[in-house]
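# Fold and geometry: a report
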Amino acid sequence: VPQAQPRVEELSELYRELSQHPGLSTACLGPDLTTQYGGKYCSLYTEWSQRDLARAENIKFCRQYLIFHDGASIVYSGPAGTCSEIKDELLSRESPSGVLKAVLRKVPGKEKEKEKQFLEVWDQNRKVKSIDLTALDKHGSVYDDDQFGCLAWSHSETHLLYVAEKKRPKAESFFQSKAPELGTSDEDTGHPKKEDAPVKGEQFVYHEDWGETLSTRSVPVLCVLDIEGNSISVLEGIPEHLSPGQAFWSPEDTGVVFVGWWHEPFRLGLRHCTNRRSALFYVDLTGGRCELLSEDSRAVWSPRLSPDGCRIIYLENNVLGPHQQCSQLRMYDWYTKHTSTVLEAVPRQAWGAFPGIYCGALPGMCWAADSRRILLDTAQRSQQDVFVVDTATGTTTSLTADSPPGSWSVLTIDRDLLVARFSTPSCPPMLKVAVLPAAGREAQTQWICLQDAPPVPGISWGIRTLQPPPEQEHPQYGGLDFDAILMRPSEGPTGQKPPLVVMPHGGPHSVFTAGWMLYPAALCRVGFAVLLVNYRGSLGFGQDSVASLPGNVGTQDVHDVQLCVERVLQEEMLDASRVALVGGSHGGFLACHLIGQFPDTYRACVVRNPVVNIASMVATTDIPDWCLTETGLPYKPDALPDPAQWTEMLHKSPIRYVDRVRAPVLLMLGEDDRRVPPKQGLEYYRALKARGVPTRLLWYPGNNHALAGVEAEADGFMNMALWLLKHLQ
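Residues numbered from 1 in each chain as written. Predicted model: local features only at pLDDT ≥ 70, side-chain atom pairs only at ≥ 80, totals over all residues. Heavy atoms only, no water.

An unreviewed UniProt entry lists the protein chain under the name Acylamino-acid-releasing enzyme, with Urocynchramus pylzowi as the source organism. The UniProt entry for the protein chain carries the following comment under Subunit (unreviewed entry): "Homotetramer." Looking at the Subcellular location (unreviewed entry) heading of the UniProt record, one finds this comment for the protein chain: "Cytoplasm". (UniProt positions renumbered as here; feature names shortened; annotations may be inferred.)

So this is what it looks like as structure tokens:
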């Protein structure tokens, strides 16, 4: 106990230091300029995010760079000025020419007023328009999320397109009517205008929403601002059964292309679910005619128009089934109206071949200047790499194959200048730039580091591959292997074996790529080895691996993690008597399974919003289809509860093994979690308390499934580290 106080100070100092490494979120290249000597250069605008522990919030800041290039290579690049914080900007987008910039800004209301939203237009030197969207009252809040949200310039740079919540009629009580507000009455009759007249009986009507992180999104509408005329119109012609988003202007500005998600019979959670029925549509601005551009029985997202305005590339998945899959890359030709498949889903990953597409979205700007090649990043086993895809032939080339292993992401490409982010488990994000070589020579891409991040000392890491034993092979998908990333303290007392923290990822169809992760890096600096397990079912290993897990959760994934732990303890200098588990969501599901199925291996456990009982989760989550799919059962929206199905769900759940648990358990729950509601963690907490297992529960108001609020994340780290230190002494 006397040691506790200095330890707390030391831990908080370590967390403060590591949490200050900024993340790189967006990049935008300005137009090419020519010097008096004939050299070309352009500016690069970047946005970063950083945790501010003192203010308990995430802040955004921007930094500009200059890039001198000759079209084939970068001659010189460097920063221009220092960074400055960006306040209250929700969205921003440069116009195609780079001369104008549109900004959606939130402005705190005066005294008792609500927060307002303004749409601004800036030229090179000043703000030329500031439009109070809240006062115009044509729609509700503008969407600034990356699921539906957009801010798109027309090619003519005269109009802006965005997505907002549909305006709801004012509702009033049956028994209290208010006097009509000044200025809203009809000039001829003196009565309130029809559209503004309050509706009785609508006060407490339930409005469905799109679930986790999208709880304020219900009925999106597409809106157009005419910049000259200062007028806003809500687009007509979009079918009632669709929720539109991810919109952009069609070639020639004749209409708008958008993704429409079906919301009948009811909405399911959409965040991280690339398996929801959706299609690509075109709505004509003059006649309001709406046309289907893709198949209507699939899931599509991330449409991107080529620079020559001829082709739209987009991602496509099966509807339902696993929430994340290996996706197809599809292309729609605007003039021939023909759709082709550029890349199919890949059954198995093989080095030297394209691993398949496993990404939440394509980069906002992903086309090369030739309107033929596109750039994307994707998981390749436990790394993330950048590939160029020739849409005419379907050939792919890695642009990062000769770089050190880690995690690469494309931020933007414009006029074949390529901007990317790179990090590793021991090195925070850095900014890289390159010129995309001519077709056929892409493997010679030369990356230049524009903003370095010093590696964090004291962390060494490596990736290892594991093969399940014959008795644990999948009958249909045999021969699958999987990976784990092992991070270990490289500086520690000599001869002392570090304790091991085992972290399986959530999803289950997601992946740990070898990039910068705050918690694992901080735990490593505290003195723990950290094992990040990409069990079978993870992304980046081919669609067969994804398909092998549904119906086998609680066994296949659990055995993969346990095999990995036993192998690492045999082969590495680690203390097998001090092993703990940390996991969130499906990772928490696995941690709770492992302490019950293998109680002799683990001494402590920390879980964040864990799935504990699939049978009790199915009626409360925003993704009931997940509960059935991962249990190996078909999902139908109109299906009624079935005792046999509930038995199967319970049978695969960690609550089944709670009688065997001995390891002390720390639970962290987000009060606003819609994905795995906190009742799940409470159910486990009560079961542990009833059995006398040491347990502690942390309840975070204002936090959802990710527990990503700055305060919850920091407090979570401190409590986790102290819990592990206490129980692994």
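Moving on from the model shown.
## Some points on the overall build of the protein chain
Looking only at helices and strands, one finds 11 helices and 38 strands in the protein chain. For 729 residues, the compact-globule estimate of 2.2 N^0.38 gives 27 Å, and the C-alpha radius of gyration of the protein chain, at 27 Å, lies within 12% of that figure. In terms of overall dimensions, the protein chain has C-alpha extents of about 80 × 75 × 55 Å along its principal axes. Considering the protein chain as a whole, with its 729 residues, one finds that 55% of them fall into the buried category. Long-range contacts, defined here as pairs at least 24 residues apart, represent 62% of the contacts in the protein chain between residues at least 6 apart. Of the roughly 31700 Å² of accessible surface on the protein chain, a fraction of 51% belongs to carbon and sulfur atoms. Separation between the mean location of the 69 positive side-chain charges and that of the 87 negative ones in the protein chain comes to 4 Å. (Helix = DSSP H or I, 4+ residues; strand = E, 2+ residues; numbered from the N terminus. Rg over C-alpha atoms; globule rule 2.2 N^0.38 Å. Buried < 20%, exposed > 50% of the residue type's maximum accessible area, 1.4 Å probe, protein only. Contact = heavy atoms within 4.5 Å. Areas by Shrake-Rupley, 256 points an atom, 1.4 Å probe, with all protein chains shown as cover. Lys, Arg positive; Asp, Glu negative; His and termini not counted. Charge placed at Lys NZ, Arg CZ, Asp CG, Glu CD.)

## A few points about the pairing of strand β7 (residues 101-107)
The buried fraction of β7 amounts to 5 of the 7 residues, a majority that puts the element mostly inside the structure. Alignment of strand β6 (residues 89-94) against β7, held across 5 bridges, turns out to be antiparallel. Residue pairing in the sheet places L91 in a bridge with L104 of β7. Counting the residues between successive antiparallel strands, the hairpin from β6 to β7 contains 6 residues, one of them, G98, with a positive phi of roughly 85°. Bridge count between β7 and strand β8 (residues 116-122): 7 bridges; the pairing is antiparallel. Bridging across to β8, L104 finds its partner in L119. (Pairing = 2+ DSSP bridges.)

## Looking at the sheet that holds strand β23 (residues 339-343)
In any sheet, the strands associate via hydrogen bonds between backbone groups, in a parallel or an antiparallel arrangement. Reading across from one edge, β20-β21-β22-β23 is the order of the 4 strands in this open sheet, with antiparallel pairing throughout. Both outer strands of the open sheet, β20 (299-305) and β23, are each paired with one neighbouring strand and no more. Pairs of neighbouring strands in the sheet enclose a mean axial angle of 30°, with direction left out of account. (Axes fitted to C-alpha atoms, helices over the stretch in contact; angles between N-to-C directions.)

## A few points about the pattern of salt bridges
As enumerated under the stated definition, the model contains 44 salt bridges in all. With a shortest N-O distance of 2.9 Å, R536 and D560 are connected by a salt bridge. Of the two residues, R536 is situated in the loop between β34 (529-534) and α4 (543-548) and D560 in helix α5 (residues 556-571); the sequence distance between them amounts to 24 residues. Assigned by exposure class, R536 and D560 land together as buried. Taken together, the shared-partner salt bridges connect D52, R55, E57 and E85 into one network. (Salt bridge = Lys/Arg side-chain N within 4 Å of Asp/Glu carboxyl O.)

## Side note on the sheet that holds β8
The strand order β6-β7-β8-β9 describes an open sheet built from 4 strands, whose pairing is antiparallel. Two strands bound the open sheet, and with one partner strand each, they are β6 and β9 (127-132). Between one strand axis and the next, the sheet turns through 15° on average, direction left out of account.

## Examining the pairing of β9
The pairing of β8 with β9 spans 5 bridges and is antiparallel. Among the inter-strand pairings, W122 is bridged to a residue of β9, identified as K127. Linking β8 back to β9 in an antiparallel pair, the connection comprises 4 residues.

## Here we look at the domain arrangement of the protein chain
Interfaces are often sized by the accessible area lost when the parts come together. In terms of domains, the protein chain is made up of domain 1 (139-172 + 208-345) and domain 2 (459-728). The centre of domain 1, based on its C-alpha atoms, is set 35 Å off from the matching centre of domain 2. With 22 residues of domain 1 at the interface, the matching set in domain 2 holds 21 residues. Taken over both partners, the interface formed by domain 1 and domain 2 buries close to 1500 Å², and the fraction arising from carbon and sulfur atoms is 57%. Where domain 1 touches domain 2, the interface holds 2 salt bridges. Taking the shortest distance from any N to any O, the salt bridge between D209 and R674 comes out at 2.9 Å. Linking domain 1 with domain 2 are 10 residue pairs in polar contact (both at pLDDT 80 or more). (Domains from an automatic or database assignment. Buried area = accessible area lost by both parts, 1.4 Å probe. Polar contact = N/O pair within 3.5 Å; in protein donor to acceptor, adjacent residues only side chain to side chain.)

## Some details on the packing of aromatic side chains
For the structure on display, the rule yields 15 aromatic pairs. When the centroid spacing of 5.8 Å and the interplanar angle of 55° are considered together, the rings of F148 and W210 count as tilted. Of the two residues, F148 is situated in the loop between α2 (133-136) and β10 (151-153) and W210 in the loop between β13 (199-200) and β14 (220-226); the sequence distance between them amounts to 62 residues. On the basis of relative accessibility, which here comes to 1%, the residue W210 falls in the buried class. Residues F354 and F387 carry aromatic rings whose centres are separated by 5.0 Å and whose planes lie at 85° to one another, so their mutual orientation is edge-to-face. Of the two residues, F354 sits in the loop between β23 and β24 (373-380) while F387 sits in strand β25 (residues 383-390), which places them 33 residues apart along the sequence. We note that F354, like F387, is buried. In this structure, R217 packs its charged tip against the face of Y143, placed 4.4 Å from the ring centre. Taking NZ or CZ as reference, K337 lies 5.8 Å from the ring centre of W334, over its face. (Phe/Tyr/Trp six-rings, centres within 6.5 Å; stacked < 30°, edge-to-face > 60°. Lys NZ or Arg CZ within 6 Å of the ring centre and 35° of its normal.)

## Description of the UniProt feature "domain: Peptidase S9 prolyl oligopeptidase catalytic" (unreviewed entry) in the protein chain
UniProt feature "domain: Peptidase S9 prolyl oligopeptidase catalytic" (unreviewed entry): in the numbering of this structure it lies at residues 522-729. Secondary structure across residues 522-729 divides into 43% helix and 14% strand, with the first and last C-alpha atoms of the span separated by 18 Å.

## Brief notes about the environment of I448
In this fold, I448 is placed in strand β30 (residues 448-451). For I448, a relative accessible area of 29% translates into the label partly exposed. Residues I448 and S77, 371 residues apart in the sequence, show an inter-C-alpha distance of 8.6 Å. Leaving out residues up to four positions away in the same chain, I448 has contacts with I74, S77, L431, K432 and V433.

## Regarding the side chain of E157
Position of E157 among the secondary structure elements: in the loop between β10 and β11 (159-165). For the buried residue E157, which engages in no salt bridge, the nearest side chain bearing the opposite charge is R415, 11 Å off. Sequence-distant contacts of E157, that is, excluding residues within four places in its chain, are made with S95, P96, S97, L100 and I227.

## Examining α5
Each α-helix turn comprises 3.6 residues. Residues three or four places apart therefore point the same way. With 16 residues, α5 extends 22 Å from end C-alpha to end C-alpha; this agrees with the ideal 22 Å at 1.5 Å per step. Among the residues making up α5, those that are buried are Q556, D557, V558, D560, V561, Q562, L563, C564, V565, V568 and L569. (Expected span 1.5 Å × (residues − 1).)

## As for the environment of S371
Tracing the backbone through its elements, the reader meets S371 in the loop between β23 and β24. Each C-alpha atom, one on S371 and one on R311, is 8.0 Å from the other, the two residues being 60 residues apart in sequence. With sequence-adjacent residues up to four places away left out, S371 is seen in contact with S306, P307, D308 and R311.

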